[in-house]
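# Commentary on secondary and tertiary structure
Here's the letter readout for the chains.
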Amino acid sequence: MTRSSAASATDTAAQTYADGNPLGTPGEHKHHTKAPAKLTLASVIAALPLAVRKLAPRQMIHSPVMFTVLVGAALCTAITLYRPSGFSIAVTAWLWLTVLFGTLSEAIAEGRGKAQADSLRASRQGVQARLRQPDGTTKVVPGTGLRLNDIVICEAGDVIPSDGEIIEGLASVDESTITGESAPVIRESGGDRSSVTGGTRVLSDRIVIRITAEPGQTFIDRMIMLVEGAVRQKTPNEIALHVLLVSLTIVFLAVTMSLAPFASLAGAAPSPIVLVALLVCLIPTTIGALVPAIGIAGMDRLVQHNVLATSGRAVETAGDITTLLLDKTGTITYGNRRAVNFYPANHVERTDLIEAARVCSLADETPEGRSIVDLAEDKGMTGSDLATLERRSGDFAVVPFSASTRMSGLDLDGQQIRKGAASTVAAFVAEYGGHTPAEVDHRVKEISAQGGTPLLVAKIDRNGRADVLGTIHLADVVKPGMHARFAELRKMGIRTVMITGDNPITARAIAAEAGVDDFLAEATPEDKLAVIKEEQAQGRLVAMTGDGTNDAPALAAADVGVAMNSGTPAAKDAANMVDLDSDPTKLINIVGIGKQLLITRGALTTFSVANDVAKYFAIVPALFTAAFPGLGLLNIMGLSTPSSAILSAVIFNALIIVALVPLALRGVKYRAVSANQALSRNLLVYGLGGLIAPFIGIKMIDLIISLIPGIG
């Protein structure tokens with residue numbers, strides 16, 4: 001492992017073939033972000049039945065603020081039935097609407113996930129599975145009845161009945177049910193692409209799958225529970241806010257109850273309905289009503305980005321991340337390193353180098369190998385293909401790439417032609433008494449310094465003479481806009497660390513081009529885990545992505561671990577998020593979603609507390625001006641009558657919940673700024689706005705109420 005402080009290295013960690021997808025050239029990942037559902041009258045009406053059901057006390061008790069309003073509304077209803085008046089009826093009706101608006105916001109948020117959940121359920125209805133029996137025969141059984149470690153067989157056209165791991169075969173699979181991506185993907189036994197998801201469809205070939213999930217615990221089952229809110233638990237920040245709201249409710253309840261005896265001594269005893277109205281206006285009903293909707297909507301935004309989180313806590317933690325560990329390949333760069341040039345040694349003809357590179361790459365099916373053949377053809381070298389060489393040669397053997405040799409090539413008519421990592425090929429040539437020319441060494445360092453990957457090409461002739469023919473330049477391209485995105489993260493106080501298997505020289509060049517703060521070169525899975533522990537020991541919160549079994553320990557240790565859906569079951573089990581698009585760059589978006597959730601909750605809490613101030617100026621003068629005329633100076637809004645003032649405050653208190661529901665669902669717009677700048681903006685916009693808006697709103701409502709006979 002080498003951190004960015006490493007001084008130098010001459011060799012590339014040319015994991016040229018290990019990083020490539022053997023079944024296709026990895027390219028730029030696409031985000032399949034679903035458009036958020038718009039808040040329409042139809043969606044509001046559809047949510048009303050659920051909102052009414054949520055009025056049940058056993059559900060309301062989970063929100064002490066709104067439960068207090070519910071009890072107050074019930075008390076006012078009893079009093080109004082006993083001694084009705086226009087004022088008491090109006091106050092009681094708006095108190096019930098306040099409670100209903102609170103449950104309606106939560107019902108609308110939950111309703112957004114219902115359609116997606118129904119679609120996911122439909123994808124599995126009637127799915128049958130061919131269960132392999134111990135004697136080798138198969139039996140058709142319902143897919144929902146499969147248990148852990150059952151073995152099933154799927155062929156072209158079959159819907160995969162449950163989550164599992166391919167143990168035999170290879171197939172093209174349509175995963176559009178969960179990813180929204182119509183292009184099929186390849187899944188095969190062994191390696192990191194053996195995982196399959198229930199509800200997806202096999203398009204070609206035949207595979208044997210071992211089931212890895214119990215009934216009701218599949219990936220789609222968990223996604224359904226997530227989008228429906230069935231498994232949503234309060235996050236640490238929500239719990240802290242819950243404690244604050246309960247404390248404020250108790251304080252204002254004590255204050256309100258103590259007012260009655262003191263007011264009686266002054267000869268201005270308020271009625272129970274007025275006291276209830278005062279209490280409801282003083283406690284933070286706005287944020288109390290919107291907290292569930294904010295949390296559910298935050299999870300919904302994650303689902304819209306095709307990311308499944310195990311809990312809301314993971315989403316919130318993403319908003320507090322201070323260190324981001326990002327794999328270079330596929331995240332910062334496209335990951336499809338391609339040959340861009342050939343550099344012969346001084347004593348070698350350029351055409352000889354190109355032909356040797358082409359020949360030893362003919363059997364190489366990696367993206368890098370194919371790119372070398374393509375570049376050679378572009379340079380005019382279109383010699384014999386592999387089959388022709390094998391037919392014409394008396395001595396022919398393909399030498400595949402392996403992690404131990406780090407070379408590949410051909411043995412042809414007594415000659416050994418090889419390409420591979422610079423240090424490996426140099427050592428290979430040295431074994432036969434050859435050496436690497438100085439100009440080739442210089443070219444290797446130059447390519448590495450530019451962020452490229454140099455491969456050496458060598459040949460051992462029939463007489464055993466070893467010769468380094470030259471260098472192939474492989475280049476990996478940094479994705480457009482990455483430098484700007486990392487600059488935004490830096491403004492937010494987030495430190496970025498690039499993880500790569502490349503040598504320090506290559507890693508440093510790409511890190512500089514991309515704009516990351518640090519890098520970890522020649523990294524192993526153990527190194528990733530060590531970096532996470534080191535960052536956490538310094539009080540930082542760490543996020544990372546991974547897809548392999550060897551990434552599982554680091555994913556489990558990270559505060560936010562995002563596994564790729566194309567990865568192994570071990571990686572997905574260890575992570576607390578799974579990206580259905582298998583897009584490593586999504587981690588940056590996840591951080592933004594987490595921050596938006598925290599900012600939205602903080603902004604609306606600020607607004608809720610601030611908008612209570614105007615209600616003091618409305619209700620306190622209305623209660624005590626008769627006994628203490630001097631308090632009339634507090635009626636700065638010039639409200640018509642005490643009854644109108646109290647009712648106006650109650651109505652505004654209810655309507656502001658409705659007005660803020662779209663913002664709670666959509667989220668406050670997230671900007672890449674520091675925490676101090678975000679706090680200052682929230683205080684200015686939502687603190688000052690929450691202070692001013694009620695004065696205007698209550699006065700306008702009062703002007704309308706004053707025109708109503710019997711109330712105003």
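Our subject is the structure that appears above.
Residues numbered from 1 in each chain as written. Predicted model: local features only at pLDDT ≥ 70, side-chain atom pairs only at ≥ 80, totals over all residues. Heavy atoms only, no water.

Summing up its helical and strand segments, the protein chain has 24 helices and 22 strands in all. Relative to its full complement of 712 residues, the protein chain shows a buried share of 53%. A sequence separation of at least 24 residues applies to 71% of the contacts in the protein chain between residues at least 6 apart. Within the structure as shown, the protein chain displays about 29500 Å² of accessible surface, and the carbon and sulfur contribution to it stands at 59%. (Helix = DSSP H or I, 4+ residues; strand = E, 2+ residues; numbered from the N terminus. Buried < 20%, exposed > 50% of the residue type's maximum accessible area, 1.4 Å probe, protein only. Contact = heavy atoms within 4.5 Å. Areas by Shrake-Rupley, 256 points an atom, 1.4 Å probe, with all protein chains shown as cover.)

All of the buried residues along helix H14 (residues 422-431) are Ala422, Thr424, Val425, Phe428 and Val429. The buried residues of H14 occupy one face: seen down the axis, they fall within an arc of 165°. On the buried face of H14, the contacting elements are strand S14 (407-412), strand S15 (415-421), helix H15 (438-449), strand S16 (453-460) and strand S17 (466-475). Gly433 occupies a position one or two residues after H14 and carries a positive phi of about 85°. (Arc of directions from axis to C-beta.)

Ranked by size, the top nonpolar core spans 112 residues in total, and within it Leu324, Ile332, Phe486 and Met577 carry the most contacts. Tallying contributions element by element places helix H23 (residues 642-666) first for this core, with 15 residues. Structurally, this core is a two-domain feature, drawing no fewer than three residues from each of domain 1 (41-112 + 228-301 + 592-706) and domain 3 (307-332 + 479-580). Core analysis: the second largest hydrophobic core is formed by 38 residues, Ile354, Leu389, Val457 and Val468 among them. (Core = buried A, V, L, I, M, F, W, Y, C linked by side-chain atoms within 4.5 Å. Domains from an automatic or database assignment.)

Looking now at the packing of helix H3 (residues 64-82) against helix H7 (residues 236-265). Across the interface, H3 lies against H7 with an axial gap of 9 Å and an inter-helix angle of 35°. Contact residues: H3 offers Pro64, Val65 and Thr68, while H7 offers His242, Leu245, Val246 and Thr249. Of the residues assigned to the contact of H3 with H7, the class counts are four nonpolar, three polar and no charged. (Axes fitted to C-alpha atoms, helices over the stretch in contact; angles between N-to-C directions. Nonpolar A, V, L, I, M, F, W, Y, C, P; charged D, E, K, R; others polar.)

A few words now on the sheet that holds S16. The sheet built from six strands is open, its strands ordered S12-S17-S16-S15-S14-S13 with antiparallel pairing. Pairing within the sheet leaves two strands with one partner each, and these edge strands are strand S12 (338-344) and strand S13 (396-399). With direction set aside, neighbouring strand axes in the sheet form an average angle of 15°. Each of S12, S15, S16 and S17 touches helix H12 (residues 367-378); the most contacted strand, S12, lies at about 60° to it. This element, H15, spans S12, S16 and S17 of the sheet and lies at about 155° to S16. (Pairing = 2+ DSSP bridges.)

Remark: a regular strand shows side chains that alternate across the two faces of the sheet. Within strand S21 (residues 560-564), five of the five residues are buried, which leaves the element mostly enclosed by the surrounding structure. Here S21 shows no split at all, with Val560, Val562 and Met564 on one side and Gly561 and Ala563 on the other all buried. Bridging between strand S20 (residues 542-546) and S21 involves four bridges; their strand directions are parallel. In the strand pairing of S21, Met544 is matched with Gly561. Since S20 and S21 lie parallel, the crossover through helix H19 (residues 552-557) that links them has a hand, and here it is right-handed. The pairing of S21 with strand S22 (residues 577-579) spans three bridges and is classified as parallel. Across the sheet, residue Met564 finds its bridge partner in S22, namely Asp579. For the segment spanning S21, helix H20 (residues 569-574) and S22, crossover handedness is right-handed. (Right-handed = clockwise from strand over helix to strand, strands pointing away.)

Limitation: the analysis is restricted to geometry and does not speak to function.
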